Amino acid sequence: MTRGRNPLDILPSMAGDLGRVDTELAASVDSRIPFLTEIASHLITAGGKRIRPGFCIAAAATGLATDQPAKLDVIRGGAAVELVHLGSLYHDDVMDAAPSRHFVASVNELWGNHRAILAGDFLLARSSEIAASLGVEVAALLGATISRLVEGQTLEMQHLHDLERSEAAYWASIDGKTAALLATSCRVGGIVAGLPREHIELVTAFGRAYGTAFQVVDDVLDLVSNDSDMGKPTGHDMSEGVYTLPVLRHLAADPGGELSSLLNASMTDSDCARAAALVRGSGALDDAIGEARRLAGEAAVALGDLPPSPGVTALLAASEHLVRSVEAAAAHPTAAR
Ligand code: GRG
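Residues numbered from 1 in each chain as written. Predicted model: local features only at pLDDT ≥ 70, side-chain atom pairs only at ≥ 80, totals over all residues. Heavy atoms only, no water.

**Structural notes on the overall build of the protein**
When helices and strands are tallied, the protein shows 16 helices and two strands. Whereas a compact globule of 337 residues would reach a radius of gyration of roughly 20 Å, the protein reaches 20 Å, a difference of no more than 12%. Overall, the protein is about 55 × 50 × 30 Å in size when its C-alpha atoms are taken along their principal axes. In the protein, which comprises 337 residues, the proportion classed as buried is 53%. At a minimum sequence separation of 6, the contacts of the protein that also span at least 24 residues come to 78%. In the form shown here, the protein has an accessible surface area of approximately 13900 Å², with 57% of it arising from carbon and sulfur atoms. Mean positive and mean negative side-chain charge positions of the protein (26 and 42 charges, respectively) differ by 4 Å. (Helix = DSSP H or I, 4+ residues; strand = E, 2+ residues; numbered from the N terminus. Rg over C-alpha atoms; globule rule 2.2 N^0.38 Å. Buried < 20%, exposed > 50% of the residue type's maximum accessible area, 1.4 Å probe, protein only. Contact = heavy atoms within 4.5 Å. Areas by Shrake-Rupley, 256 points an atom, 1.4 Å probe, with all protein chains shown as cover. Lys, Arg positive; Asp, Glu negative; His and termini not counted. Charge placed at Lys NZ, Arg CZ, Asp CG, Glu CD.)

**Details of the site of the ligand**
Near the ligand lie 20 residues; those nearest to it are K49, R52, H85, H102 and Q215. K49 has a polar side-chain atom sitting 2.7 Å from an oxygen atom of the ligand. In isolation the ligand has 750 Å² of accessible area, and contact with the protein removes 91% of it. Sorting the residues of the shell around the ligand by element identifies α4 (72-96), α7 (136-158), α8 (167-192) and α9 (197-224) as the ones contributing at least two each. Looking at the shell around the ligand, the element that brings in the most residues is α4, giving six residues. (Near = heavy atom within 4 Å. Polar contact = N/O pair within 3.5 Å; in protein donor to acceptor, adjacent residues only side chain to side chain.)

**Side note on helix α1 (residues 14-28)**
Over its 15 residues, α1 runs 21 Å from end to end, which matches the ideal 21 Å to within 8%, given 1.5 Å per residue. Residues M14, D17, L18, V21, D22, L25 and S28 constitute the buried set of α1. Viewed along the axis of α1, the buried residues span an arc of 150 degrees, placing them on a single side of the element. Residues of α1 that are exposed and angled more than 90 degrees away from the buried face: T23 and A27. (Expected span 1.5 Å × (residues − 1). Arc of directions from axis to C-beta.)

**Some points on unusual backbone geometry**
Even without being a glycine, H102 presents a positive backbone phi close to 55 degrees. Among the structural elements, H102 can be located in the loop between β1 (100-101) and β2 (104-105). Backbone geometry at F103 places phi at a positive 65 degrees, although glycine is not the residue there. Residue placement: F103 occurs in the loop between β1 and β2. Residue F103 is classed as exposed on the basis of its relative accessible area, which comes to 58%.

Dropping the structure here:
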């Protein structure tokens with residue numbers, strides 16, 4: 001099993017704990033139908049950074065004065081949130097007709113849309129079983145979070161190819177499709193670790209602010225990276241009709257300008273590259289990075305009153321790393337020109 005670099009790897013126990021999450025994930029997709037196990041395992045073994053289990057584990061660790069392996073319930077909570085993430089990726093790849101994910105062929109590409117949808121459903125079902133074993137509060141929280149993902153994605157779909165998409169609509173969509181699950185990942189960690197209520201609220205607020213920043217960063221990377229960094233061509237979101245924060249900021253600053261004439265339902269890769277170059281050449285990209293920096297700061301403030309611990313240190317380091325990584329990527333874009 002390979003996984004991408006997790007920004008919480010600075011916690012000494014993290015690599016071992018994420019290995020335990022991977023063992024739970026592999027066990028969770030065991031089915032009496034071997035073919036279902038195979039397709040449900042596809043993205044589990046393909047990689048992924050395991051950010052959401054990492055946050056569950058680190059949030060739980062904010063209640064511990066010393067670094068130590070996570071309790072089994074924390075590991076199982078981490079597996080439950082990762083299964084929701086993976087289920088959403090299976091469905092997302094069907095909706096986008098994506099040929100690949102994590103640099104391997106997508107489930108829909110290999111086995112078709114119908115089986116990809118069923119396997120995604122199976123991952124969500126197995127997440128629910130684990131969540132129920134962790135108690136009513138975690139089960140209800142996971143159910144509500146799945147609803148938030150669906151709401152966020154629905155909001156995004158309502159504004160596809162919409163040059164008038166408002167920033168409010170953008171923020172509402174990313175709150176549902178991305179921030180909600182990162183907030184929940186931290187909250188599950190806090191709940192199963194038995195942290196005091198006010199402490200649980202603080203790690204949840206951290207996860208929500210970090211998760212919002214995470215999506216803004218993802219949206220910036222789409223405009224500065226190339227196919228070999230991201231597994232999709234520069235400006236792919238625009239070709240899908242998803243106009244993200246930097247694009248909306250550019251449109252607001254230059255209404256009716258060249259960018260608005262390039263954005264349409266049949267953009268070529270070179271249109272996308274030109275559109276991305278326009279956004280990079282304006283202040284809109286730096287503006288969006290500024291929003292990510294502000295949100296990462298907000299995340300750090302949420303943890304400000306907690307006693308020092310390896311968990312707090314790791315979460316703070318993750319939000320600093322997020323901002324540094326996008327600043328570095330924007331300073332040296334690999335994007336097609
Ligand atoms: C059925 C739960 C469910 C949802 C249906 C399709 C959909 C509604 C929602 C899509 C949500 C989505 C794909 C949001 C994007 C979140 C995001 C930034 C994903 C990338 O996260 P990383 O970088 O992924 O952590 P890895 O590949 O490292 O696991």
